[in-house]
Amino acid sequence: MSLNHVSYWENGDWHHVTVKEASEKSHCHTIRANEKRLLCDLCNHFVTLSVGKVRDPYFKHSKGDIDKNCPERSKQALFTLPTHFAGLKIVIDKEQKFHLELVLPHAANPGLSKYKNLGIYHKHHKKIQKIAPVKIDPNNFSTKVNLGSTVANKYTLYNDLPDHSDKIADFETLQSKYLIFRSSDGMRVNLGGELNPNNEYIVLTTKNSFTYPGINEKLLVHSNGWNVFQISFDTHFGPNKLRPFLQINDLGNDAGIDYRITKNVADVDLIWPEHFKNEDGISYLGDTLYLYKHGQAWLDYAPRTNKRPNLDQDRLLQLFENPQLFTLKPNDNNGMVVAYGRNTNDIANYKQFIPTYQASEQSKNDLSLKPYTKEHHHYIKPLYNATLKQYMGKFEVSSQSLEANKPFCLPNLVADSSLKVFYGADCVFSQTAKISKPQSKPSQSQPSIIDKSSANNDQSRLNDSELLNLLKRQIGEATTFTIVSNRLKRSLTDYPTTYQWVCSQARQQNITIKAKNILNKIVNGEYY
């Protein structure tokens, strides 16, 4: 069967190309796979444009490809996108050891909860051995299976019955002496995937080093014959010197799979409605999801039920090439997965979207939150995952996550402090403690203005360490800061540690804009 899904490397990125267009670009000359200019969009292998005198030009795979499961190698009329998704994750613990986790999003595997004796197996010394049992908790949005330090090319999920075992699904990583993971979340980058030179990655290998021009390496873990390196791209190396491909040495040119180095890494962003990240995925408020896909990638989505309305295969094919905004109406209160990636045989990237309302009839979509009293303390019980933020005056001093449907005891507020509870970006509850005027005593005259020197004893003021921590937490864009004015020095008389930190920032000649704004308010007497 001829290849119809091929991209051409041009101007630092891949672009879908037809046989006729590729032939025109090559001036009717053959383009070989080892030139790395043509890439199969379905299996990530480099392909050849064959131009001869007898038959018309055509694309073809190489016999030495490491993975021969490309849908267009077979004679089927159309390929189908996978219906099972799993992600491989690396975890490095405090003891400087690593283990792998297999992450099974329930929305992509809706039938797993019916099995009682699931287990993960792998092939070791030509024998299939069990690695770990799998316990599906229907209350969670995904199941994470600890694989230990076992590194296999394929993991198989079985349902273990008393007299035999039924295979449920295979999760392949393909043969390689290197596995690359994202540092941000530990998830694996599938073989032949994209690496953003602005990001850091983790490399798991049996090799003693990971050397490559323009890449810095740092050894994190050495355990059980494996080395774990953290790599970053040298920004001083220059984009013209950094090669566009990261070739894995043990595969060789004939294997035809390399990692691509490009800033145009495929991803999917949730644009609307209001949403916030948690450990399981992205929680959102509302019904319709507005998603923006950028970079070249295939897309598929899986609601927890088996129904897949509003997004058919034809539309998925149209979404591959260009950045596009599209909508999903999951009609499913149990969450969904959107998977994306170039290789349809090995989709390792996905995002889990979790609706934050599961009792719309009871709440009537009302996001308000009412406190209640128990044992002389005020409690709240958020319907959804929430965020509690505390403030002193206008400034945020702490933030913590609240779990849905779990009671939380509200902290006591001191004068001029407040707290707010958010569902995503919506403030659904707030409480403020105002400064009460002290009652005048006959023996004393009540001053009309509070003396600044006595204000430091007021509970509404931050102490030295609290103010220092507040300033250090202000991140973002920096600005020039070279002089500590006399007014600021006098204002920080009772804050010696904070004053030392401010002087150190002046020596470094920069400070964040947010921290400088706080210092300006202190000088103006608005905030201590």
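For clarity, every value in this text was computed on a predicted model and none was experimentally measured.

Quick notes on the overall build of the protein
Here is step 1: If you tally the helices and strands in the protein, you get eight helices and 37 strands.
Here is step 2: Counting across all 528 residues of the protein, residues that qualify as buried make up 45%.
Here is step 3: Restricting to contacts in the protein with at least 6 residues of sequence separation, those with at least 24 account for 59%.
Here is step 4: Summed over all atoms, the accessible surface of the protein reaches about 29,100 Å², with 46% contributed by carbon and sulfur.

Details of the packing of helix α5 (residues 464–472) against helix α8 (residues 513–523)
Here is step 1: Where α5 meets α8, the axes come as close as 8 Å, and the angle between the chain directions of the two elements is 140 degrees. Considering the angle they form, α5 stands oblique to α8. Here Leu-467, Leu-470 and Leu-471 of α5 lie close against α8, whose contacting residues are Ala-515, Ile-518, Leu-519 and Ile-522.
Here is step 2: Looking at the contact of α5 with α8 residue by residue, the class counts come to seven nonpolar, no polar and no charged.

What about the sheet that holds strand β33 (residues 408–409)?
Working definition: the strands of a sheet are paired by backbone hydrogen bonds and lie parallel or antiparallel to each other.
Here is step 1: Read from one edge to the other, the open sheet built from three strands follows the order β29-β30-β33, with strand pairing classed as antiparallel. Unpaired on one side and paired on the other, β29 (372–374) and β33 mark the two borders of the sheet.
Here is step 2: Both β29 and strand β30 (residues 377–380) contribute to a ladder of three bridges, which runs antiparallel. The residue bridging Lys-374 from the neighbouring strand is His-377, located in β30.

Some details on the environment of Gly-193
Here is step 1: Take Gly-193: it is sitting in the loop between β14 (188–189) and β15 (194–195).
Here is step 2: Between the C-alpha atom of Gly-193 and that of Asp-258, which follows or precedes it by 65 residues, the distance is 7.7 Å.

Regarding helix α7 (residues 496–508)
Here is step 1: If you check α7, its first and last C-alpha atoms are 19 Å apart, about what 13 residues at 1.5 Å a residue would give, namely 18 Å.
Here is step 2: Lining the buried residues of α7 we find α5, α6 (486–491), β37 (510–512) and α8.
Here is step 3: Backbone geometry just downstream of α7 places Gln-509 in the positive-phi region, at approximately 65 degrees.

Brief notes about the pairing of strand β13 (residues 178–182)
Here is step 1: Across the five residues of β13, five count as buried, placing the element largely inside the fold.
Here is step 2: Burial of β13 is two-sided: the residues Tyr-178, Ile-180 and Arg-182 facing one way and the residues Leu-179 and Phe-181 facing the other way are all buried.
Here is step 3: Here β13 runs beside strand β16 (residues 201–205); their pairing, made up of five bridges, is antiparallel. Across the sheet, Arg-182 pairs through a bridge with Tyr-201, a residue of β16.
Here is step 4: Strand direction decides the pairing type here: β13 and β14, joined by two bridges, are antiparallel. Across the sheet, Ile-180 pairs through a bridge with Val-189, a residue of β14.

Some points on the packing of aromatic side chains
Here is step 1: Counted according to the given criterion, the structure contains one aromatic pair.
Here is step 2: An angle of 80 degrees between the planes, with centres 5.1 Å apart, marks the rings of Tyr-121 and Tyr-158 as edge-to-face. Residue Tyr-121 is found in strand β8 (residues 118–124), and its partner Tyr-158 is found in strand β11 (residues 154–160); the two are separated by 37 residues along the sequence. Neither Tyr-121 nor Tyr-158 differs from the other in exposure class; each is buried.
Here is step 3: For the cation-ring pair, Arg-55 lies above Tyr-58, with the distance from its terminal atom to the ring centre recorded as 3.7 Å.
Here is step 4: Here the basic side chain of Lys-389 rests over the ring of Phe-422, its NZ or CZ set 5.3 Å away from the ring centre.

A few points about unusual backbone geometry
Here is step 1: The residue after Trp-272, namely Pro-273, is reached through a cis peptide bond having omega 15 degrees.
Here is step 2: When you line up the elements, Pro-273 lands in the loop between β21 (267–272) and β22 (275–277).
Here is step 3: Within the chain, Lys-36 stands out as a residue other than glycine whose phi angle is a positive 60 degrees.
Here is step 4: Looking at where Lys-36 falls in the secondary structure, it is placed in the loop between α1 (19–25) and β3 (38–40).

Examining the side chain of Ser-50
Here is step 1: Position of Ser-50 relative to the elements: it lies in strand β4 (residues 48–50).
Here is step 2: The buried category is assigned to Ser-50, whose relative accessible area is 16%.
Here is step 3: Sequence-distant contacts of Ser-50, defined by excluding residues within four places in its chain, comprise Thr-30, Asp-56, Pro-57, Tyr-58 and Lys-60.

Observations concerning the sheet that holds strand β18 (residues 226–233)
Here is step 1: In spatial order, the strands read β14-β13-β16-β18-β17; together these five strands make up an open sheet with antiparallel pairing. Edge positions in the open sheet fall to β14 and β17 (215–223), since each of these has one partner strand only.

Comments concerning the pairing of β11
The side chains of a regular strand alternate between both faces of the sheet.
Here is step 1: Among the seven residues that make up β11, six are buried, leaving the element largely enclosed by the rest of the structure.
Here is step 2: Alignment of β8 against β11, held across five bridges, turns out to be antiparallel. Across the sheet, the residue bridging to Leu-118 is Asn-159, located in β11.
Here is step 3: Here β11 runs beside strand β12 (residues 165–172); their pairing, made up of seven bridges, is antiparallel. Its bridge partner lying in β12, Leu-157 is registered against Ala-169.
Here is step 4: Where β11 hands over to β12, the hairpin turn is made up of four residues, counted between the paired strands.

Describing the environment of Pro-411
Here is step 1: With respect to the element layout, Pro-411 can be found in the loop between β33 and β34 (417–423).
Here is step 2: Taking relative accessible area as the criterion, Pro-411 reaches 25% and is therefore assigned partly exposed.
Here is step 3: In this structure, the C-alpha to C-alpha distance between Pro-411 and His-378, residues 33 residues apart in sequence, is 8.2 Å.
Here is step 4: Contacts of Pro-411, omitting those with residues within four sequence positions, involve Leu-388, Gln-390 and Leu-419.

Cut-off values and rules
- Residues numbered from 1 in each chain as written.
- Predicted model: local features only at pLDDT ≥ 70, side-chain atom pairs only at ≥ 80, totals over all residues.
- Heavy atoms only, no water.
- Helix = DSSP H or I, 4+ residues; strand = E, 2+ residues; numbered from the N terminus.
- Buried < 20%, exposed > 50% of the residue type's maximum accessible area, 1.4 Å probe, protein only.
- Contact = heavy atoms within 4.5 Å.
- Areas by Shrake-Rupley, 256 points an atom, 1.4 Å probe, with all protein chains shown as cover.
- Axes fitted to C-alpha atoms, helices over the stretch in contact; angles between N-to-C directions.
- Parallel < 35°, antiparallel > 145°, perpendicular 65-115°, else oblique.
- Nonpolar A, V, L, I, M, F, W, Y, C, P; charged D, E, K, R; others polar.
- Pairing = 2+ DSSP bridges.
- Expected span 1.5 Å × (residues − 1).
- Phe/Tyr/Trp six-rings, centres within 6.5 Å; stacked < 30°, edge-to-face > 60°.
- Lys NZ or Arg CZ within 6 Å of the ring centre and 35° of its normal.

Geometric descriptors of this kind do not, in isolation, establish any biological role.
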